[in-house]
Amino acid sequence: MRQFNLRYAALKRNEYNTLRCVCAMTARPQRTGSHYLAEVISCSFLSRLGWLLASLTIPALASVSAATDILILQSHEGQPYQMAVTGFESSLANTKLDATYQTLTLSNNSGGDALIQLLKNYHPKLIMTLGTPATHVSLAQVKAIPIVANLVLDTDKLRENTNATGVGLNFIASQHWLWLRRILPDARHIAVLYDPGQGTTLFKALQKQAQSEGIELIQAPVTHVDDLPSLMEDLSPQLDALWAVNGASAYSAAAVRELLLYSFRNRVPLIGLSGQWVKAGALYALDWDYDDLGAQAAELAKAILIKGIAPASLPPLSPRKVRAVLNMKTAEHMKLQIAERWLPEIAEVLQ
Amino acid sequence: MSIYRILVAISYCFCLSAQAEDTTPLPAKATDEQDLLFSELPSVFTASRHEQPVTKAPASIDIINSEQIKRYGWRTVSAMLGSLPGFISTYDRAYHHNGVRGFAPPGDYNTRILVLIDGHRVNESLQDYAGLGQDFLVDMENIERVEVVRGPASSLYGSSALFAVVNVITQRGRDLQGVRTSADLASYGTHRGQLSYGKKFANGLETFLSASHYHSDGRENLNFPGLGTAHNLDEDEVQRVHGKLTWEDFTFSGSWMSRKKYLPTGTTGTTFGEPNVYYHDRRAYADLNYQHHFEGDWAVTGRAFWDSYEFDDDLPYQLSASQTIVNEDRWQGQWFGGELLLSHTFFDAHRLTLGSEFRHNYQELMTNQDVNPSYVYANNNQSTSIVGVYVQDEWTILDNLSLQAGGRYDHYDNFGGTFNPRLGLIYEPRDGTTLKLLYGTAFRAPNAFETAYTCCIASTPWIGNSSLRPEHIETYEIVWEQRLNQYFDLRVSPYYNRLTDLISLRIADTGVRQFQNQGNAEAHGLETQLKGHYENIEGRLSHTYQESRIGGYATSPNAPLHMIKLNLSAPLWQDKLFAGLEVQYVSSRATTIGNRVSNYSITNLTLLSRHWLPGLELTGGLYNLFDEHYVDPASPPLSPDVISQDGRNFRVRMSYEF
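What counts, and where the lines are drawn
Residues numbered from 1 in each chain as written. Chains lettered and ligands numbered in written order. Predicted model: local features only at pLDDT ≥ 70, side-chain atom pairs only at ≥ 80, totals over all residues. Heavy atoms only, no water. Helix = DSSP H or I, 4+ residues; strand = E, 2+ residues; numbered from the N terminus. Buried < 20%, exposed > 50% of the residue type's maximum accessible area, 1.4 Å probe, protein only. Areas by Shrake-Rupley, 256 points an atom, 1.4 Å probe, with all protein chains shown as cover. Contact = heavy atoms within 4.5 Å. Buried area = accessible area lost by both parts, 1.4 Å probe. Salt bridge = Lys/Arg side-chain N within 4 Å of Asp/Glu carboxyl O. Polar contact = N/O pair within 3.5 Å; in protein donor to acceptor, adjacent residues only side chain to side chain. Nonpolar A, V, L, I, M, F, W, Y, C, P; charged D, E, K, R; others polar. Pairing = 2+ DSSP bridges. Axes fitted to C-alpha atoms, helices over the stretch in contact; angles between N-to-C directions. Disulfide = S-S within 2.5 Å. Parallel < 35°, antiparallel > 145°, perpendicular 65-115°, else oblique. Left-handed = near helix turned anticlockwise from the far one by under 90°. Core = buried A, V, L, I, M, F, W, Y, C linked by side-chain atoms within 4.5 Å. Domains from an automatic or database assignment. Phe/Tyr/Trp six-rings, centres within 6.5 Å; stacked < 30°, edge-to-face > 60°. Lys NZ or Arg CZ within 6 Å of the ring centre and 35° of its normal. Patch = residues over 30% accessible without salt bridge, like charges linked within 9 Å, V, L, I, M, F, W, Y side chains within 5 Å.

Asks: Would you take a moment to explain the overall build of chain B for this structure?
Replies: Along the backbone of chain B there are six helices and 39 strands. Buried positions account for 60% of the 658 residues belonging to chain B. By element, 60% of the accessible surface of chain B is carried by carbon and sulfur atoms, the whole surface being about 25100 Å².

Written out as structure tokens, the structure is:
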């Protein structure tokens, strides 16, 4: 596998534009063993040579599956992304697809230019995007290539594009509810922090579930970090839990800290949005199995590349696996007893 | 002085290491954040009567939480306050009292500190007394956190908030969620038992109930130079009941405390060494609080309360070698009142708080008589009322600049009105740096004892002074709070206080005793505190420099020039065993009559063990570890000039929650 790391700023600075290649693609020595400069100089030639060789050999190798180029476009680098890519590749490796990958990482200011540059000479069969910025760039710039988005919060945007589908980060309401009742079976008054920009579908689904069990959910919409101080003042100190269900982008580190302060001061457990929140003091969170998110994306890719199903016919998916992360120290501080029978099902218990 | 030098050296090392860390800041980790949450919540309610970050509050603030109380083994609120910069804790074997910022004359029983329990005023109506020792209304185990706000706060709270406001926030049902039993065993024949129950129910009702009994035989022998040895005269007995019930926006709370303390020192008129000389204090209150945030950012707080303070004593004196007569005081103060507070944010930049308070002291009874034969020396009874209105605006001028301005007008039946403003300009030039420029005035109204107590005309006459004016303080302070890195915070606060119309007892040549507005006082000082925190290790090191002059005294009594305090807590083994070390150095002080008592250094060590068995905690404390012999200046009307303090002593506590 070749992996390229395009940094548009470096591209401009080094005037590699003239090479009219994927330009300033950084071949990772540890993965390829090739030298960066040689890679840059030769990439244009090699890619053309590759296409030439492919066109010559395809008739001869008609019984062998053709290589399928897949571009992985990630918003930035990070362990979750790597895990999702690994899951994606492993899953596709078990198919008859002979996939070859190129990875492009957006730099902070590159926007869509980097992608446009790349696609001038490189024509993947599919693009898998990782993260919201990469997804937005792809949706804006690419109309002819199927896109499978991954690690995105807002899957509604995908539905607006006929060439896109993907796997979202938002868990379905029943998963949220299941874990709430497992960890906090006695909670009766719960404030739900949600991002109204993502619609109220999730809140309504939770509300329906709550009403059927006689539990009061209090709406606490958070669109911006500035909303939090007044929102927390308005919250009743008699709440049983503070439940953040989506809208990660609305929270800065300082805002999460404010929520945690409220939580600890009032001994109202905070249900967080990720394992990081739990490490910082939230009671629990539903975290993601990134490897499986990659595998889910691979299944969409298979349906598109092997079965020829149009992306528009593949509705975006929610994560099917949940990694519940629990902070036992917080549970102790909140004087909560966690039922022993659920502990084996919790992926990570922080002591 | 060697300890003093060592502590100074430690403080410099501490600062230098902090600076070194600053040059190589480490990225904040979530786990560090979590440890911070468990150790201290950097927000405060008391300073502005709403929750705000400490850095935004117009005062120099310290916060102590229940975990720190356990780890340092503080047995009284007074001892806990004594660990803070600027505070000194003194014990005269009758009451504990705390001085602040160079003003700690013996006999001032916390009348110039406003003490609150969950926002309810503790200072009583007859003498403004707030018990902070064994006579505090709430057991230490029931305290969730304590907010200590230095500086004048009469602009929000009215009388007595001259030097500091101490708000003790008690535990709620959710803080316990079950039953807690605890038992103490300590030196001097001391034992204590407590039973508490707390629960937050699924229907939203929340309750907390606690009762305790404390008994101490006290020191077997207490020697008072020039007077003799008091043998088995130090007994102390306390009962407490405390409860809280919360339903939606309403909280009903109440406390009752009874303490009987025998006086090894004797007191005015009694014969030294006479047994059965005691003070008996009873304090109670009931408080109904309503708090609600309405749509549109309107917040309303209402409070209705009833309070009672009763005091009696037996003061036997020898009329002749064969005849002992018991003289007794019977005091009773009862009052009720209400409070209403409304706050709203206008134009996104002005948080306006409007409030009013009313108190009616419907009984202020102070009597004195001999029992057998019966003879009434004093029988004073009166009722008074107080009305106060206040306004405060917190103006966010820029993201990093705010101005807090407020004032309160109080009207008293007896002396009329007084207005006290407060101004605070708070500037954050960069992340982690806060500068506060503070100005304010505060007052203490003449109390019933000072204005109305008339007694003993034929012997040692006391004459009430109905023309007393309130005493005032004017304070200028700068607070510089600096986050050095993710582990260390520094606070430096220079201040200047000027007190006028001080109310103090004057004994005329004719022997007539009367409280009068006489003389002024002033004090300046510098408090420096470095706080550190790394995972489960936390500590603070402070130095206090203070210099004060009080009219009528050649040297301000009980006012050390320097105090250095170190508190350090660390786990010894996993999360099962913690050690809490406390070291305090107090430089020499003057007594009331101008003698000097020498400096002292005391070290307390506490071990806290938990998580061996579910719900079980064991605490062992060694106090005055190196058996330092030291004395505190005494308070009139107790007889000696100085009073020796406890040597090395211990306490073990077992607490079990289920």
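Asks: Would you mind showing me how to read the overall build of chain A here?
Replies: Scanning chain A from N- to C-terminus turns up 14 helices and twelve strands. Long-range contacts, defined here as pairs at least 24 residues apart, represent 68% of the contacts in chain A between residues at least 6 apart.

Asks: Explain the interface of chain A and chain B here, please?
Replies: Interfaces are often sized by the amount of accessible area the parts lose when they come together. Taken together, the contact between chain A and chain B spans 28 residues of the former and 35 residues of the latter. Here chain A packs against chain B, burying approximately 2700 Å² in sum over the two surfaces, 44% of which is carbon and sulfur. Considering only the surface of chain A that becomes buried against chain B, Glu233(A), Gln238(A) and Arg265(A) emerge as the three largest contributors, covering 28% of it. A salt bridge links Glu657(B) to Lys335(A), with the nearest nitrogen and oxygen atoms 2.8 Å apart. Inspection of the region where chain A meets chain B yields 14 residue pairs in polar contact (both at pLDDT 80 or more). Here the side of chain A that touches chain B takes six residues from helix α11 (residues 253-266) of chain A, the largest share from any one element. Residue classes in the side of chain A that touches chain B are distributed as eight nonpolar, eight polar and twelve charged.

Asks: Which parts of the structure should I look at to understand helix α6 (residues 132-141) of chain A?
Replies: Owing to its 3.6 residues per turn, the α-helix brings residues three or four apart onto one side. The set of residues buried in α6(A) consists of Ala134(A), Thr135(A), Val137(A), Ser138(A) and Leu139(A). Tucked into the core, α6(A) has its buried residues touching β1 (67-74), α5 (113-121), β3 (126-130), β4 (147-152), α7 (156-159) and β5 (164-168) of chain A.

Asks: Is there a simple way to think about unusual backbone geometry in this case?
Replies: Glycine aside, residues mostly have negative phi angles, and peptide bonds mostly take the trans form. All names here are of chain B. For the peptide bond that leads from Asn-372 to Pro-373, omega is 5°, which places it in the cis range. Within the secondary structure layout, Pro-373 lies in the loop between β20 (350-370) and β21 (375-398). Even without being glycine, Tyr-188 reaches a positive phi, approximately 65°. Assignment of secondary structure puts Tyr-188 in the loop between β10 (178-186) and β11 (190-200). The backbone of Asn-624 sits at a positive phi, close to 50°, despite the residue not being glycine. Note on placement: Asn-624 falls in the loop between β36 (616-623) and β37 (631-633).

Asks: Just checking my understanding: could you explain the sheet that holds strand β8 (residues 241-244) of chain A for this structure?
Replies: Neighbouring strands of a sheet are bound in pairs by backbone hydrogen bonds; such pairs are parallel or else antiparallel. Residue and element names in this part refer to chain A. The strand order β7-β6-β8-β9-β10-β11-β12 describes an open sheet built from seven strands, whose pairing is mixed. Both edges of this open sheet fall to β7 (216-221) and β12 (348-350), since each of them pairs with a single strand only. Across this sheet, the average inter-strand angle for adjacent strands is 20°, counted without regard to direction. Looking at chain direction, strand β11 (residues 322-327) and β12 are connected through three bridges and run parallel. Each residue of the ladder has a partner; that of Val-325, found in β12, is Glu-348. Its contacts with the sheet put helix α9 (residues 201-212) on β6 (189-194), β7 and β8, and the angle it makes with β7 is roughly 165°.

Asks: Is there a simple way to explain the state of the cysteines in this structure?
Replies: Think of a disulfide as a covalent bridge from one cysteine sulfur atom to another cysteine sulfur atom. Residue and element names in this part refer to chain B. Inspection of every chain in the model, using the stated rule, returns one disulfide over all chains. Two residues share a disulfide in this structure: Cys-455 and Cys-456, whose sulfurs sit 2.1 Å from each other. Measuring handedness by torsion sign, the sulfur bridge of Cys-455 and Cys-456 sits at about 45° and is right-handed. Both residues of the pair, Cys-455 and Cys-456, count as buried.

Asks: Can you walk me through the packing of helix α8 (residues 173-183) of chain A against α9(A) in this structure?
Replies: Between two packed helices, what matters for the description is the angle formed by their axes and the separation of those axes. Residues and elements named next belong to chain A. Where α8 meets α9, the closest approach of the two axes is 9 Å, and the angle between their N-to-C directions is 45°. Relative to α9, the element α8 is oriented oblique. As α8 runs across α9, the sense of the crossing is right-handed. Judged by residue contacts, Ala-173, His-176 and Trp-177 of α8 engage Leu-202, Ala-205, Leu-206, Gln-209 and Ala-210 from α9. Of the residues in the contact of α8 with α9, the class split is six nonpolar, two polar and no charged.

Asks: How should I be thinking about the environment of Ala570(B) in this particular structure?
Replies: All names here are of chain B. Mapped onto the elements, Ala-570 comes out in strand β31 (residues 562-573). Residue classification places Ala-570 among the partly exposed residues on the basis of a relative accessible area of 21%. The sequence separation of Ala-570 and Arg-71 amounts to 499 residues, and the corresponding C-alpha distance is 8.9 Å. Those residues in contact with Ala-570 that lie beyond four places of it in its chain are Asn-536, Ile-537, Leu-577, Phe-578 and Ala-579.

Asks: For this particular structure, what's the right way to read the nonpolar core?
Replies: Taken as a class, soluble globular proteins show a tendency for nonpolar side chains to be buried jointly. In terms of nonpolar packing, the biggest core is built from 56 residues, with Phe88(A), Ile183(A), Leu217(A), Trp243(A) and Tyr284(A) touching the most fellow members. Of all the elements, helix α13 (residues 290-305) of chain A adds the most residues to this core, at eight residues. Composition of this core by domain shows at least three residues from each of domain 1 (8-169 + 292-313) and domain 2 (173-288 + 321-350) of chain A. Sequence-distant contacts of Leu217(A), defined by excluding residues within four places in its chain, comprise Trp177(A), Ile190(A), Val192(A), Phe203(A), Leu206(A), Gln207(A), Ala210(A) and Trp243(A). Judged by nonpolar contacts, the second largest core, of 39 residues, contains Val77(B), Leu84(B), Met257(B) and Ile473(B).

Asks: Teacher, can you tell me more about the pattern of salt bridges here?
Replies: In a structure, side chains of opposite charge can pair up when their charged atoms sit close to one another. By the definition in use, this model includes 60 salt bridges over all chains. Between Glu345(A) and Arg182(A) there is a salt bridge; the shortest N-O distance is 3.0 Å. With a gap of 163 residues between them, Glu345(A) in the loop between α14 (328-333) and β12 and Arg182(A) in helix α8 connect regions that are remote in the sequence. Classification of Arg182(A) by relative accessible area gives buried; the value is 12%. A salt bridge links Asp240(A) to Lys200(B), with the nearest nitrogen and oxygen atoms 2.9 Å apart. Placement of Asp240(A) in the loop between α10 (227-234) and β8 and of Lys200(B) in strand β11 is noted, with the two residues assigned to different chains.

Asks: Honestly, the pairing of β10(B) in this entry has me stumped. Any pointers?
Replies: Residues in a regular strand project their side chains so that they alternate between the two faces of the sheet. In this structure, β10(B) lies alongside β11(B), joined through nine bridges in antiparallel fashion. Bridging across to β11(B), Thr181(B) finds its partner in Leu195(B).

Asks: Looking at this structure, how should I read the packing of aromatic side chains?
Replies: Two aromatic rings are characterised by how far apart their centres lie and by the angle between their planes. Residues and elements named next belong to chain B. All chains considered together, the criterion is met by 35 aromatic pairs over all chains. Taken together, a centroid distance of 5.1 Å and an interplanar angle of 40° make the contact between Tyr-72 and Trp-74 tilted. Ring geometry for Tyr-109 versus Tyr-129: centroids 5.9 Å apart, planes at 90°, classification edge-to-face. Residue Tyr-109 is located in the loop between β5 (96-100) and β6 (113-117), and its partner Tyr-129 is located in the loop between β7 (120-121) and β8 (143-150); the two are separated by 20 residues in the primary sequence. An aromatic cluster of at least three residues, connected via ring pairs, comprises Tyr-95, Tyr-109, Tyr-129, Tyr-279, Phe-311, Trp-331, Phe-449, Tyr-453, Trp-462 and Phe-515. The aromatic ring of Tyr-623 is capped on one face by Arg-75, whose charged end is 3.5 Å from the ring centroid.

Asks: Can you walk me through the side chain of Asp297(B) in this structure?
Replies: Here Asp297(B) shows up in the loop between β17 (278-294) and β18 (298-318). In terms of polar contacts, Asp297(B) uses its side chain to reach the side chain of Thr345(B), at 2.9 Å. Once residues within four sequence positions are removed from consideration, Asp297(B) is found in contact with Glu233(A), Ser343(B), His344(B) and Thr345(B).

Asks: I keep staring at the sheet that holds β8(B) and nothing clicks. Help me out?
Replies: Residue and element names in this part refer to chain B. Strand order in the open sheet formed by five strands is β3-β8-β9-β6-β7, with mixed pairing between adjacent strands. Looking at which strands have only one partner, the edges of the open sheet turn out to be β3 (61-65) and β7. As paired elements, β8 and strand β9 (residues 164-170) share seven bridges and run antiparallel to each other. Of the residues in β9, the one forming a bridge with Ile-143 is Thr-170.

Asks: Sorry if this is basic, but what is going on with a nonpolar patch on the surface here?
Replies: Residue and element names in this part refer to chain B. A contiguous nonpolar surface patch, about 740 Å² in accessible area, is contributed by Trp-395, Ile-397, Leu-398, Leu-425, Tyr-427, Leu-435, Leu-437, Ile-478 and Trp-480. Every element with two or more residues in the nonpolar patch is listed here: β21, β23 (416-430), β24 (433-444) and β25 (471-483). The biggest single contributor to the nonpolar patch is β21, with three residues. Along the chain, the position of Trp-480 falls in strand β25.

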